[in-house]
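# Descriptive analysis of the structure
So you can see what is in the structure, the chains are spelled out below.
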Amino acid sequence: MATPSARILIADDQRDVLEALRLLLKSDGYQIDTVESPAAALKTLEDRDYDVVLIDLNYARDTTSGQEGLDLLTRIHSADEMLPVVVMTAWGSVNVAVEAMRRGARDFIEKPWDNERLKAIVRTQTELGRALRRATRLEASAVTQAENGPLLIADSQAMQPVLQIIARVGPSDANVLITGENGTGKGVVSQALHAVSARASRPMVTINAGGVSEGVFESELFGHVKGAFTDAKQDRVGRFELADGSTLFLDEIANVPLSQQQKLLRVLETGEFERLGSSRTRKADVRLISATNADVNAEVVSGRFRQDLLFRLNTIEIRLPALRERRDDIPRIAKHFLGAHAQRYRKAMTGFDPAALQALVDHPWPGNIRELDHAVERAVLMAQGNVIHLGDLGLRASGGSDGAARLEEMSLEDVEGFLIRKAMARYGNVSHAAKALGLSRSALYRRLERHRPS
């Protein structure tokens, strides 16, 4: 069936073709508008938004070359390059098809068409077009408002893969595992995923597995009935039940007690669970987003985490870069925090002086965005004027050759890259560097590729 409320514009100079296409696509639930000329198509596109445009390449003035349709395609694509255009012609040729695709057409259909193929193309382009528009909105603004939280500011190159995954996977119900160091913004990314999903009209439910003791964890997740334990004085709804039809964000997933992981696996597989103290089976339609700063594979090896549960959680993984890996974002993030804290403390702050801003960019930020937030808050409180100066920040000087952060402030991956670059600079030869590092040549080549600057 068609995507709900999808609207299609069809341009063709033959009324019988327009009527045949209208009836064919209307049966799948699309809203159809038809026009008989390129000029009418352009006028209609100015007045209304469409999900897909289906255009003929040949019109009355020029019936074989496809030039009128190609010109129309070019003008549509120039006005809105996100709008999917599917071209069709009874005078199909490889050259015309190639030229149409070069000018931005998403697909090409020859008349007479195959009904099922045409419907499949329109359906696919409708879905892809909407996903692309969502991605464009994310990347253009680079911000997503999180509920009662900061914005997702992501202009840097290192954050573009994160935005792309949010745009592609967010609208689905796929389980997502967000990994990254403490303070990198995993909760904000979970909000962004929820915000672009079909569940966004309902509030996202959050639980921090690291902040719940093992004794009450089952009750927190699945609820309990009155009398289930000593302090259970009334029935309680658990987080899964609260999140029915919405998204559940389970933070610090590696801290889920081993004794509870089988029950969590069950609800992920079947949607079924029981409140603590009850034998009544309940069902919940929940999309799970989880997060951790731990190496869950190491947790599996150690026996503290079930591998089958990891498979269920990790349909899609989003790795959040540390703040030191996305320094281009620091000025905007800092200015956002400055505005928030200035408002909170009723201080008229206008910005950072150049030295302070440069210090923010250069600092290693072992505590990531959370540490930056606290540093800016402190600076707002300490500032005597309306501009933040270097001394207001109270940052410790960072050492390390080549401007690198101290080893103890670096992630394991950053340390590996640092040592590899040092070895290559010292030996200038892959074979010698590999030997010094205790690696094979092929292993070093793989690591060099991984640590190559983007």
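Okay, so let's go over this structure. (Residues numbered from 1 in each chain as written. Predicted model: local features only at pLDDT ≥ 70, side-chain atom pairs only at ≥ 80, totals over all residues. Heavy atoms only, no water.)

### Section: the overall build of the protein chain
Rule in force here: Put simply, DSSP H or I for four residues or longer makes a helix, DSSP E for two residues or longer makes a strand, and each gets a number counted from the N terminus. Whether a residue is buried, partly exposed or exposed follows from its accessible area with a 1.4 Å probe, protein chains only, as a fraction of its type maximum: under 20%, in between, or over 50%, in that order. We call two residues in contact when some of their heavy atoms are within 4.5 Å. The protein chains shown are the only cover counted for residues, whose accessible areas, like all others here, come from Shrake-Rupley with a 1.4 Å probe.
On a plain count of helices and strands, the protein chain comes out with 19 helices and 16 strands. Counting all 454 residues of the protein chain, 46% fall into the buried class. Look at the contacts in the protein chain between residues 6 or more apart in sequence, and 68% of them connect residues 24 or more apart. Surface summary for the protein chain: the accessible area is close to 23,000 Å², and the carbon and sulfur share equals 49%.

### Digging into the sheet that holds strand β13 (residues 287–292)
For the record, the criterion: Pairing between strands requires that DSSP locate at least two bridges from one strand to the other. As a rule, the C-alpha atoms of each element are fitted with a line to give its axis, helices using only the stretch in contact, and angles between N-to-C directions run from 0 to 180 degrees.
With parallel pairing, five strands are arranged side by side in an open sheet as β7-β10-β13-β6-β14. Where the open sheet ends on each side, the last strands, each with one partner, are β7 (205–208) and β14 (316–319). On average, each strand axis in the sheet is tilted by 20° relative to the strand beside it, whichever way the strands run. In terms of strand pairing, β7 meets strand β10 (residues 247–251) through four bridges, oriented parallel. Note on β10: the bridge partner recorded for isoleucine 207 is leucine 250. Lying on the sheet, helix α7 (residues 186–195) is in contact with β6 (176–179), β10, β13 and β14; it crosses β6 at an angle near 150°.

### Quick look at the sheet that holds strand β3 (residues 52–56)
Spatial ordering of the open sheet is given by β2-β1-β3-β4-β5, a layout of five strands whose pairing is parallel. Each of the sheet's edge strands pairs with one partner strand only, and the pair in question is β2 (31–35) and β5 (107–110). For this sheet the average axis-to-axis angle between neighbouring strands, irrespective of direction, equals 20°. With four bridges joining them, strand β1 (residues 7–11) and β3 adopt parallel strand pairing. Among the inter-strand pairings, leucine 9 is bridged to a residue of β3, identified as valine 53. This element, helix α3 (residues 67–79), spans β3 and β4 (85–89) of the sheet and lies at about 160° to β3.

### Brief notes about the pairing of β1
For β1, a buried count of five out of five residues is recorded, marking the element as mostly surrounded by other parts of the structure. The alternating pattern of β1 places Arg7, Leu9 and Ala11 on one face and Ile8 and Ile10 on the opposite face, and all of these are buried.

### A look at the nonpolar core
Note the cut-off: Take the buried Ala, Val, Leu, Ile, Met, Phe, Trp, Tyr and Cys residues and link them wherever side-chain atoms come within 4.5 Å; each set so joined is a nonpolar core.
Counting 29 residues, the largest nonpolar core has Phe240, Leu248, Leu250, Ile253 and Leu264 as its most contacted members. Mapped by element, the contributors of at least two residues to this core are β7, α8 (214–222), β10, α10 (258–270), α11 (296–302) and α12 (307–313). Considering each element in turn, this core owes the most residues, four residues, to α10. Contact partners of phenylalanine 240, with chain neighbours within four places excluded, come to Leu221, Phe222, Leu248, Leu264, Val267, Phe273, Ala284 and Val286. Phe337, Ala342, Trp365 and Ala383 belong to the second-largest nonpolar core, a separate cluster that totals 23 residues.

### So, the pairing of β2
Filter applied, for reference: Throughout, right-handed denotes a crossover for which the path from the first strand over the helix to the second runs clockwise when the strands point away from the viewer.
Across five bridges, β1 lies against β2 in parallel orientation. In the sheet register, arginine 7 faces β2, and the bridge partner there is glutamine 31. Following the backbone out of β1, through helix α1 (residues 15–26) and into the adjacent parallel β2, one traces a crossover that is right-handed.

### A look at unusual backbone geometry
Of note, the bond from lysine 111 into proline 112 is cis; its omega dihedral lies within 30 degrees of zero at -10°. Tracing the sequence through the fold places proline 112 in the loop between β5 and α5 (115–141). Positive phi is not limited to glycine here, since glutamate 252 has a value of about 50°. Judged by its relative accessible area of 27%, glutamate 252 is partly exposed. Positive phi, normally seen in glycine, also occurs at arginine 346, with a value near 55°.

### Quick look at the side chain of asparagine 175
Examined against the element boundaries, asparagine 175 turns out to sit in the loop between α6 (160–169) and β6. Since its relative accessible area comes to 12%, asparagine 175 is described here as buried. Excluding its chain neighbours within four sequence positions, the residues that come into contact with asparagine 175 are Leu268, Arg287, Leu288, Arg312, Leu313, Thr315 and Ile316.

### Some points on the environment of proline 366
Along the chain, proline 366 turns up in the loop between α14 (354–362) and α15 (368–382). Residue classification places proline 366 among the partly exposed residues on the basis of a relative accessible area of 33%. Proline 366 sits 184 residues away from asparagine 182 along the chain, and the two C-alpha atoms are 8.9 Å apart.

Read these as layout, nothing more, since geometry by itself doesn't imply function.
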